[in-house]
Each structure stands twice: as structure tokens, then as C-alpha cells.
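Fold and geometry: a report
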Amino acid sequence: MKTTITPRVRNLVLLLLAVTGMLFAGAGTASAHAALTGSDPSSGVVVDKAPTQISLTFSEKVSTNDDSLRVLNPKGKRVDVGKPSNISGTTYAIQVRSGLPDGTYTVAWQVVSADSHPVAGAFTFSVGAPSKTTVSVSDQDVGGGLVGGLYGFGRYMSYAGFIVMVGGAAFILACWQRGAGVRALQRLVVSGWVSLTAATLWLLLLRGSYSTTGKVGDIFDLNLLGQVLQTKTGAALVSRLLLLAAAALFIAVLFGAYDKREDEEKRDLTFGLAIGGGVVAAGLAASWALAEHASTGLQPGIAMPVDVVHLLAVAIWLGGLSALLVALYRAPADNLVGRTAVQNFSRIAFGSVLALVATGIYQSWRQLGSWSAFTDTGYGQLLLVKIGLVALLIGIASISRRWTARLAETTATAATVVEERAPEKEKAHASASTKTADSSATASAEASASSATTSTKAGVSSATTSAKAGVSTSTASADADSDGTASDKGADSDAGDSKRAAQLARQQAAVDSTRQKRLRDADPVRFGLRRSVLAEAAVAVVVLAVTTALTTTEPGRTEEDAKAAKSSSSSSSSSSAGALTLDMSFDTGGTDGKGVIRLDLDPARVGGNEMHVYVQRPNGRAFDVPEVKVAFTLAAKKIGPLPVTPDRITTGHWAANGIQIPMAGDWKISVTVRTSDIDQTTVDKNAQIG
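These remarks concern the structure in this document.

Conventions used here
Residues numbered from 1 in each chain as written. Predicted model: local features only at pLDDT ≥ 70, side-chain atom pairs only at ≥ 80, totals over all residues. Heavy atoms only, no water. Helix = DSSP H or I, 4+ residues; strand = E, 2+ residues; numbered from the N terminus. Contact = heavy atoms within 4.5 Å. Areas by Shrake-Rupley, 256 points an atom, 1.4 Å probe, with all protein chains shown as cover. Pairing = 2+ DSSP bridges. Axes fitted to C-alpha atoms, helices over the stretch in contact; angles between N-to-C directions. Parallel < 35°, antiparallel > 145°, perpendicular 65-115°, else oblique. Left-handed = near helix turned anticlockwise from the far one by under 90°. Nonpolar A, V, L, I, M, F, W, Y, C, P; charged D, E, K, R; others polar. Salt bridge = Lys/Arg side-chain N within 4 Å of Asp/Glu carboxyl O. Buried < 20%, exposed > 50% of the residue type's maximum accessible area, 1.4 Å probe, protein only. Polar contact = N/O pair within 3.5 Å; in protein donor to acceptor, adjacent residues only side chain to side chain. Phe/Tyr/Trp six-rings, centres within 6.5 Å; stacked < 30°, edge-to-face > 60°. Lys NZ or Arg CZ within 6 Å of the ring centre and 35° of its normal. Expected span 1.5 Å × (residues − 1). Core = buried A, V, L, I, M, F, W, Y, C linked by side-chain atoms within 4.5 Å.

Let's talk about the overall build of the protein
Scanning the protein for helices and strands turns up 14 helices and 18 strands. Taking as baseline every contact in the protein between residues at least 6 positions apart, the subset at least 24 positions apart corresponds to 70%. When the accessible surface of the protein is totalled, it reaches about 34300 Å², and 58% of it is carbon and sulfur.

Following this line, the structure appears as C-alpha cells:
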């Protein structure tokens, strides 16, 4: 039987697609999740002596290749040598040619952050005095353009496919086991599997171009594909494909052997499918957690399991909602979704919402770090939009729960009324059919009798004429013509019967379709439930789009770190030429344990020096920490560490006088900062003194 989508549903789907498209269009270039928090030399600084290497410090670990760090002279030619190396923690360096002439040099960088997102940028420094340069220092367009848009669409489809597949299967097993035989639900779950599989292959092909050149022609570059397979993201995508093969077997059993069994025989198989399907679903969710936000930053050991629970809760709630919507609109009349199934899903959805709230609070704290980040960062603003949409979704869900409670009281009554009306209409239809058949039989009998009488008279007349004329051949010819005419009439009658049968079949199909719709719409409470669930699904689509945009937006913590680093860099560039200023980010790992240290050493030469240490929060405000210690080490001469304990001057400001530096060299300056009784960390950076 052919089903059609009502104009109202079709228009709603088109509207949701338009909203999703606008969200993707507004996202633009994917925001980086790793930020440059410091460099040596600093951005915009003028140094007296040409450096031998350029070092960059990021907010998290990054992946590099041969061209990740480039140093260009004023004419745009490269002066770096060798490959980038990780010299300590999140600091990476590239060697440059010795004896660089005076002028302005450009440092361009393009790396992949630990959470799989590409990040790029550039800055300048000068040797001796600034000069004109032909190199543009604007940020590189990485992760954007057509390839970036296609990659973002693939991410959305992968999330949507996962939610529909996992949530639809969970709805069948936990809420409505008879739904395994409903074709519409089967198509829903299978379409989720197909979408996730296709999107994963799509992302695997796009990954190389997305994280490097951004060119469409490089999508099918096998060399780039080989490099992608060696990365954490590539391994996660391949693992996802392997798990999807296991998911295909699960779906085949669910809609095959499971559907054919009786209700009592399904119990053991239900338990086995629930355990196996749960393991596969958790593995699929982990393929995101191991390669994106949760895998880096603060407390990754806790964040990754929390992220898996968050994704599974989203899938069970929103995916189950999609399955319920399909069941309410497309289930056949003889297998309508009952009140028990709806109530079961209502309870499961409530549990999923509780899990979402708990895991969402932890993730928000981890990614933002402060209340001000809600309004001061793009990530926080998007998160506020998502919180508002989820609140709206929960409000609509509460309306659906009210319809569900009323459904328990009215479903049986409405079904009884429809069942009582249906036999009466069937009896009336049967009576009409009988009368029609009797009339047809009477008319046929009368026609046969008339034909027989006519034939008899014609035969007598023909026989008399033949006897008188004595011509026997005329009678034979007349008989042959009579037989031919009868055959033609029989063929026409058969063709008419076949057309009549086809017409009756179409009419019967229309009657069946109308009867099924009447049965679905007979209960006004069920009709109200369908509309409220449809509204939930509409908001859920927008929530999923905002969530996808969040995964490509720089977290609030990282954005505030970058702002603080730029502020410190600008302060250091305005300091005197004889002084040394170092900026170092720290994270003690505890609550409120992240910040930036700025160390000033004046005049940064052999002999006595004055040191000031400023401790700031990520938002640039003074950070009142309990203790700060500093140590100087000259590894080349095996001197140190020389400890220095500065005095607290005011909130976030520590100082020490008379610091003796015995000789010139490349000194390692280590700063230990304690933010609580148990949380402390040590960060260090090398600098030329003397």
C-alpha cells in the first residue's frame, strides 16, 4: 500500500532543514579548540639578536607535520630548517638559519588540536628593527570553505544516524517489542544505520583535505588518506566502521529471527539483544569521546566516560522520540502502538533527561570554567541557546506526558467504538455487494434466455431457407461466422473482467487506507499525543544542529586563555628592551586551577636583577594564589637550580630583588604555583639572559 506524507508534515520537515542550513551557514569556519598561548619570540617584539629557534606554546597538545611551522623572511622565503619538534609539554619549536639579517619575519603555523580540529595562524617579530614584508599575517582559512561545510554536514548526519539507529532499536526492545514487525520502524532504524555508515566514510575521505589544504581536489588524495589513518581521528573512524558491521548483524536479528518469534519466546532473545546492542552502542559513542573534546583538557579520564553516557542518553531520548513519532503516524491499524509502550518510553525518557542534566552540568563546567564565559565566549553563548532549547523540549515533553496519562483512560473506549462501527459498515457493504451480485445474475439470466430464444428462431428460419434453396454450404458458412462472433465477445468479456478486478483492487486499497487512518484518528487523545510528539521532534532537530555547532566551536576555557595570552604578549612587547618578559600558562588540575603567569626580569643580564611575577586568571583578572616559587637552571654549565622565593606584594603580584645571575646563557626559568593545599604545578620556559 502506498503511503503519502501530509502537507503539514512535509512543510515542517522543509522548515527544519532550512533552520539547520542557516545554523551551518552561520557557523562559518570551524573554530579552533587549541589556542596559541605564547611564543618565543613574542608576537610583535623586536629582538637585538637573531634567534636560533622559534617556539610556540598551545593550550593543549597538537599534531604537526613537516609544514606545520614555517618562518618566512621579508621576501616570503622560508628560513626554517628541519622538522617541528615537541620540546616540552605543549611547546613546539622549529630551528631557523643562523645569522638572520635584520628585518621583520613571519611565523605561520597550522596544526591539528588534540580534539581533532585544525587550527592555524600567523604572527611577526623583528630582528634589529622592523621592515616592510610581502607576507600577509592574517589568519589562514583552515577548516572552512566548501570542504569545511561538507565536513560539518557529514558530522551532523553521523550524529543523526547514530541517534535514530540506537534510539529506534532501544524503543523496540524496551517499549514496544511488537514494533519489530512494523515496516515503518524497520525503515527508520535501517536508515539510521545507512546514514551513519555513509557519513563515516564521507568524513574519512574529507579528513585529509579538511585538516590540511582545504582543497576539493585533495579529497581523493590517497597519500592524505594514508596520513589520516595514522591519526587518532582516523583510527576512531575506522573503529566506528567495524562497530557498524556488528550493528548490521544486530539489526538483521532484530527484524528477522526476533520478529518471527512469539512473545513468550522473545524474552531470552530480548535480554541478549539488549546486552549486545548496548555494548555496540557504547563502542560507537566512544568513537566520538576518544577523538574529540573529552579526550583532551581537564580530567580526560572522567570526561570520556561521561561523554559516552551523554551521547547514549541523547540517542535513547531523541531517537526513541523519533521512533514513537513514526509509530504514531505510520503503524498499521491492526498493530497500533499501545498506551503501555508510550508509558514505558515516557519513563525511559525521564531517566535519559536526568542523565543528560547531570553529564551536561559537568561538561559545561569543564569547557567553560567560569560564569562569565557564558556571555563572553561564543561557546558559552551557543550553550545558552542549547540550554534554552532543551528546556523548551522538556516543557513540550511534559505536555506529551499529560496526553499519555489520558491515553491510558481513553484508548480502550475509542478502540471499542471503532471496532463496533467497523463490522456494521462491513455488513452494509456485504449486503450491498449481495444485492449487486443478485441483480447482475438476474440480468445475465434474462439476457441468456433472450439470446437462446433469438438463436432458436434464427435457426428455424435458417433451416427452412436451406431446405428450400438446397444449398448446404451457406449453413456451414453461417455457423462459422456465428462461432467467430462468440469468440470475440468472450475475449472482450475477459478484458473487461480484468479491468474491473484492477479497479476493485484500487478501491479496496483506498478503503483499507481510509479505515486505517480512521482507526488512528478515532481517539482525540491519541491525535493530541501525535501533535505534541511531532513538536518535540521539531525542537530536537534544532537541538542536534546546535550541538553539532558546539563541537566545532572553541571551548570557553581555551578562548579565555588565548585572550589572556594575547593581553600578556602585548604587555611584554611594550616593555623595555633590556628587560625579559615570559608568559606561561598553568593548570593545577583542581577547581579554579587555571591561569597565566607573567614573569618580568630586569635588566636580564649577569649580576643583580629585579623580578616581578604576576599571576592572572584566564579572564585577565589578578589571581590570589597561596604560593609562588621560581628556580633558574643553566643546564649547559650544570648550574642550578637556583631557587628564588618572591615576596607577596598584593593580589596576584609577587616580587624579589637582588637575584644574582652568575653567567650569560640559555637559562631555564621554572615557576611553581600552588592554588590550594593540594593542587600545584610547575611550568618552565627557556630564555637568553646576559
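As for the sheet that holds strand β1 (residues 36–40)
What the four strands build is an open sheet, ordered β1-β3-β7-β6; its pairing is antiparallel. In this open sheet, the two strands that pair with only one neighbour each are β1 and β6 (80–88). Taken over all neighbouring pairs, the strand axes of this sheet differ in orientation by 20° on average, direction set aside. As judged from the five bridges shared by β6 and strand β7 (residues 91–96), these two strands associate in the antiparallel manner. Opposite Val81, over in β7, you have Gln95 as the bridge partner.

Looking at the packing of helix α7 (residues 266–289) against helix α8 (residues 300–330)
Look at α7 against α8: their axes get within 9 Å of each other, and the N-to-C directions meet at 125°. As far as their axial angle goes, α8 and α7 are oblique. You can see that α7 and α8 cross each other, and the crossing is right-handed. Packed against α7, whose contacting residues are Ala281, Ala282, Ala285, Ala286, Trp288 and Ala289, the element α8 presents Met304, Asp307, Val308, Leu311 and Leu312 at the interface. For the contact of α7 with α8, the residue count by class is 10 nonpolar, no polar and one charged.

Re the pattern of salt bridges
Under the counting rule described, the total for this entry stands at eight salt bridges. For Arg598, the salt bridge goes to Asp600, with nearest N and O atoms at 3.9 Å. One exposure class covers both Arg598 and Asp600, and it is buried. Salt-bridge contacts for Glu627 lead to Arg674; the nearest nitrogen and oxygen are separated by 3.1 Å. Separated by 47 residues along the polypeptide, Glu627 in strand β13 (residues 627–634) and Arg674 in strand β17 (residues 665–674) bring together distant segments of the chain. Taking relative accessible area as the criterion, Glu627 reaches 25% and is therefore assigned partly exposed. Ionic contacts of the salt-bridge type, sharing partners, join the residues Glu627, Lys629, Arg674 and Asp677 into one network.

Focus: the sheet that holds strand β14 (residues 639–644)
Read from one edge of the open sheet, four strands run β14-β13-β17-β18, paired in antiparallel fashion. Every interior strand has two partners, whereas the edge strands, β14 and β18 (680–689), have only one. Between one strand and the next, the sheet's axes are offset by a mean angle of 20°, whatever the strand orientation. Alignment of β13 against β14, held across four bridges, turns out to be antiparallel. Residue pairing in the sheet places Ala631 in a bridge with Pro643 of β14.

Description of the environment of Thr231
You can see Thr231 is positioned in the loop between α4 (222–229) and α5 (232–254). Owing to a relative accessible area of 34%, Thr231 belongs among the partly exposed residues under this scheme. A sequence separation of 60 residues divides Thr231 from Ala291, and the C-alpha atoms of the two residues are 9.6 Å apart. Polar contacts involving the side chain of Thr231 include one to the main-chain carbonyl oxygen of Val228, which spans 2.6 Å.

Remarks on the packing of aromatic side chains
All chains considered together, the criterion is met by 10 aromatic pairs. Seen from their ring centres, Phe162 and Trp288 are 5.3 Å apart, and the 65° between their planes marks the pair as edge-to-face. Here the residue Phe162 occupies a position in helix α2 (residues 145–174), and Trp288 occupies one in helix α7, the gap between them amounting to 126 residues. When the ring of Tyr362 is compared with that of Trp365, the centres are 6.0 Å apart and the planes differ by 40°; the resulting orientation is tilted. With Tyr362 and Trp365 both in helix α9 (residues 339–368), this residue pair falls three residues apart, about one helical turn. What links up through ring pairs into an aromatic cluster is the set Phe58, Tyr92 and Trp109. The cationic tip of Arg240 hangs over the ring face of Trp288; the distance from NZ or CZ to the ring centre is 4.0 Å. For Arg598, the ring lying beneath its charged end belongs to Tyr614, and the centroid distance is 4.5 Å.

Examining the side chain of Asn73
Along the polypeptide, Asn73 turns up in the loop between β5 (69–72) and β6. Apart from the residues lying within four places of it in its own chain, the contact partners of Asn73 are Val79, Thr104, Tyr105, Thr133 and Val135.

Some details on the packing of α2 against helix α13 (residues 524–551)
A pair of packed helices is captured by two measures, namely the crossing angle of their axes and the spacing between those axes. Contact pair α2 / α13: the axes reach a minimum separation of 10 Å and the direction vectors enclose 130°. With respect to each other, α2 and α13 are oriented oblique. Here α2 runs over α13; the crossing is right-handed. Seen from α2, the contacting residues are Gly152, Arg155, Tyr156, Tyr159, Ala160 and Ile163; seen from α13, they are Val541, Leu544, Ala545, Thr548 and Thr551. Across the contact of α2 with α13, the residue classes tally to seven nonpolar, three polar and one charged.

Quick look at α9
Its 30 residues place the ends of α9 42 Å apart at the C-alpha level, agreeing with the 44 Å of an ideal helix rising 1.5 Å per residue. Two residues or fewer after α9 comes Gly369, characterised by a positive phi angle close to 85°.

Some remarks on the nonpolar core
Residues Phe162, Met165, Trp176, Leu185, Leu254, Trp317 and Phe345 are the most contacted members of the largest nonpolar core, which totals 75 residues. For this core, the elements supplying multiple residues, two or more each, are α2, α3 (183–211), α5, α7, α8, α9, α11 (378–469) and α13. Per-element accounting of this core gives the leading share, 16 residues, to α8. With sequence-adjacent residues up to four places away left out, Trp176 is seen in contact with Phe171, Val182, Leu185, Ala327, Ala331, Asn335, Leu336, Val337 and Ala341.

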